[in-house]
Amino acid sequence: MALFRRTSESPTPLTGVDLVLADLDGVVYTGPNAIPYAVDSLNNVAETIRVGYITNNASRTDASVASHLSDLGLQVEPRDVVTSPQAAVRLLSEHVPAGSTILVVGGDGLVDEVQKGGFSVTRSADDEPAAVIQGFAPEVGWQHLAEAAFALQGRSDSERPWIATNTDWTIPVARGIAPGNGTLISAVHTAAGRLPLVAGKPEVAIFQEAIARFQATTPLFIGDRLDTDILGANRAGIASVLVLTGIDGAKQLLAADADSRPTYILRDLRGLDEPYPELKTTRNGAVTVGRSTVGIDGNDVRIISEGDDEVDLLRAACAAIWNSGRAIYGLEVPDRLYT
C-alpha cells in the first residue's frame, strides 16, 4: 500500500471511509489509562462514521472491553468489539464438531466465547479434549502451558487441532512492555513440537469478521504495530494507520518490509480528520513532505531539510527508503531519523 495519496484536495485519512476499526492496546489505551487525544478523536469520528474496535487481547470478554471503553468516555456496545477469541472459536468450529470438549489455555474472555460457541471447557489434558485453544491472560502460568503441551504431544493437526487467538510477542501495559501470547505459544511449541493455527492479527479471519459484522466496503484500520496490525490489514486489503502511541516507532517504520507498510503515519489520533500531507518526489528520488526532505546518496540516507515537524521528517524518510527498493541494512541511516 502507498504511504501517501497524491491529490490537490488534501484529503484526510477518513476521506471515503465508511468504517473505522481501532486496535485497543497502544491505540486507545495503555493498561487502564486512555492514550492522550484518543477518546475525543474517536468520539468525533463516530459522529459521522461507524467505529468498531478490534483486539488480539484474549483475556477479556467483548462486554468487559466495551465497559472499559465506556468508562474511558467512548460510546461503545459489546457488538462494537471484535475479539480474537471470537475469530478463534469460528476457526475452531471448522475443525471439530459442536459440543466437543476443548482444552482452554486463557482467561474469561476465551472461556466465554468457547462456551457461547457450543463447546465444553476443560483445563486438563487427562479429559482427552478434541482440540486446544490458547489465548493470553495475565494468570496463565506454567501449569496451564504444560497441560497444553501434554494434550498436543504425539497428536497431529488433524487428530487434535491447536488454535491460537493471536501470536503478539509483546503487550503494552501500564508499567511497560510485557510478554504477550506469542511468547506463551512459543513455550508450548517448544515442548510439543507443533505450531498452531492462528485466528487473530496478522491473519485475516478477525478482519473478515469485522468487515462482515459492520457491512463495510471501505474500512480503515488503526494500529500501533507493524507485524500484527499493519501486516494483517494489508493482507485483508484494508487501508491502515500506524499511530505512534504504542509499540512501533521510527526504527521499525524505516525498516518495514513491503508487506508491513501503513497507508498513513500519525503522531496521534487527532490526525485522523486533519489534511494528510502531500508527498513530492524529485527525479533523483528525494522525497519532500511538508518542509522536510530526505534523499539517498549512494548508501547514505541524507536529511536535506529537517523541516519543522518530526513526523513529516519520518514520513519523508520512510518514503525515500521504501521507494528505493533497498533493505535498511544496506543503508547508512542518520541517528536523527530514529529519534
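Undergrad: Got a minute to help me understand the environment of Ser-186 in this structure?
TA: If you trace the backbone, Ser-186 turns up in helix 6 (residues 181-192). Separated by 17 residues in sequence, Ser-186 and Trp-169 have C-alpha atoms that sit 9.2 Å apart.

Undergrad: Where do I start with the nonpolar core in this structure?
TA: Within the largest apolar cluster, 59 residues are counted, with the highest numbers of intra-cluster contacts made by Val-28, Leu-42, Tyr-53, Leu-69, Ile-222, Leu-254 and Leu-272. Residue contributions to this core peak at 10 residues, all from helix 10 (residues 310-324). Beyond its immediate chain neighbours, meaning those up to four positions away, Leu-42 contacts Ala-22, Val-28, Val-51, Tyr-53, Leu-74, Ile-222 and Leu-269. Core analysis: the second largest hydrophobic core is formed by 28 residues, Ile-102, Val-104, Ile-163 and Ala-216 among them.

Undergrad: Explain the packing of helix 3 (residues 84-93) against helix 4 (residues 108-116) here, please?
TA: Any two packed helices are characterised by the angle at which their axes cross and by the distance between the axes. Orientation of helix 3 relative to helix 4, taken along the N-to-C sense of each, is 35 degrees, at an axis distance of 9 Å. The element helix 3 and its partner helix 4 pack so that their crossing is right-handed. On the side of helix 3, the interface is formed by Pro-85, Gln-86 and Val-89, while helix 4 contributes Gly-109, Leu-110, Glu-113 and Val-114. Tallied by class, residues from the contact of helix 3 with helix 4 come to four nonpolar, two polar and one charged.

Undergrad: Honestly, empty space enclosed by the protein in this entry has me stumped. Any pointers?
TA: Taken as a whole, this structure holds one cavity of 30 Å³ or more when the rule is applied. Around the largest cavity, the lining is made up of 19 residues, and of these Asp-25, Asn-56, Asp-168, Thr-170 and Ile-171 lie nearest the centre. At the level of secondary structure, the elements contributing two or more residues to the lining of the largest cavity comprise strand 10 (170-173) and helix 8 (226-235). Sorting elements by how many residues they give to the lining of the largest cavity places strand 10 first, with three residues. Within the lining of the largest cavity, the residues separate by chemical class into four nonpolar, eight polar and seven charged.

Undergrad: Got a minute to help me understand helix 8 in this structure?
TA: Every α-helix carries 3.6 residues per turn, so stepping three or four residues along brings you back to the same face. For helix 8, the tally of buried residues reaches eight of 10 residues, placing the bulk of the element in the interior. Elements that come into contact with the buried residues of helix 8 comprise helix 7 (205-214), strand 13 (219-223), strand 14 (239-243) and helix 9 (250-254).

Undergrad: Explanation requested: the sheet that holds strand 18 (residues 292-297) in the structure shown.
TA: For sheets, the rule is that strands pair by backbone hydrogen bonds, running either parallel or antiparallel. Reading across from one edge, 16-17-18-19 is the order of the four strands in this open sheet, with antiparallel pairing throughout. At either margin of the open sheet sits one strand with a lone partner, and together these are strand 16 (279-281) and strand 19 (300-305). Between one strand axis and the next, the sheet turns by 20 degrees as a mean value, whatever way the strands run. In this sheet, strand 17 (residues 287-289) lies alongside strand 16 in antiparallel orientation, the contact comprising three bridges.

The rules behind each value
- Residues numbered from 1 in each chain as written.
- Predicted model: local features only at pLDDT ≥ 70, side-chain atom pairs only at ≥ 80, totals over all residues.
- Heavy atoms only, no water.
- Helix = DSSP H or I, 4+ residues; strand = E, 2+ residues; numbered from the N terminus.
- Core = buried A, V, L, I, M, F, W, Y, C linked by side-chain atoms within 4.5 Å.
- Buried < 20%, exposed > 50% of the residue type's maximum accessible area, 1.4 Å probe, protein only.
- Contact = heavy atoms within 4.5 Å.
- Axes fitted to C-alpha atoms, helices over the stretch in contact; angles between N-to-C directions.
- Left-handed = near helix turned anticlockwise from the far one by under 90°.
- Nonpolar A, V, L, I, M, F, W, Y, C, P; charged D, E, K, R; others polar.
- 1 Å grid on protein atoms, 1.4 Å probe; cavity = no way out; pocket = protein on both sides within 12 Å on 5 of 7 lines; lining within 4 Å.
- Points joined across faces, edges and corners; volume = space filled by probe spheres on them.
- Pairing = 2+ DSSP bridges.

These figures come from the coordinates and say nothing about function on their own.
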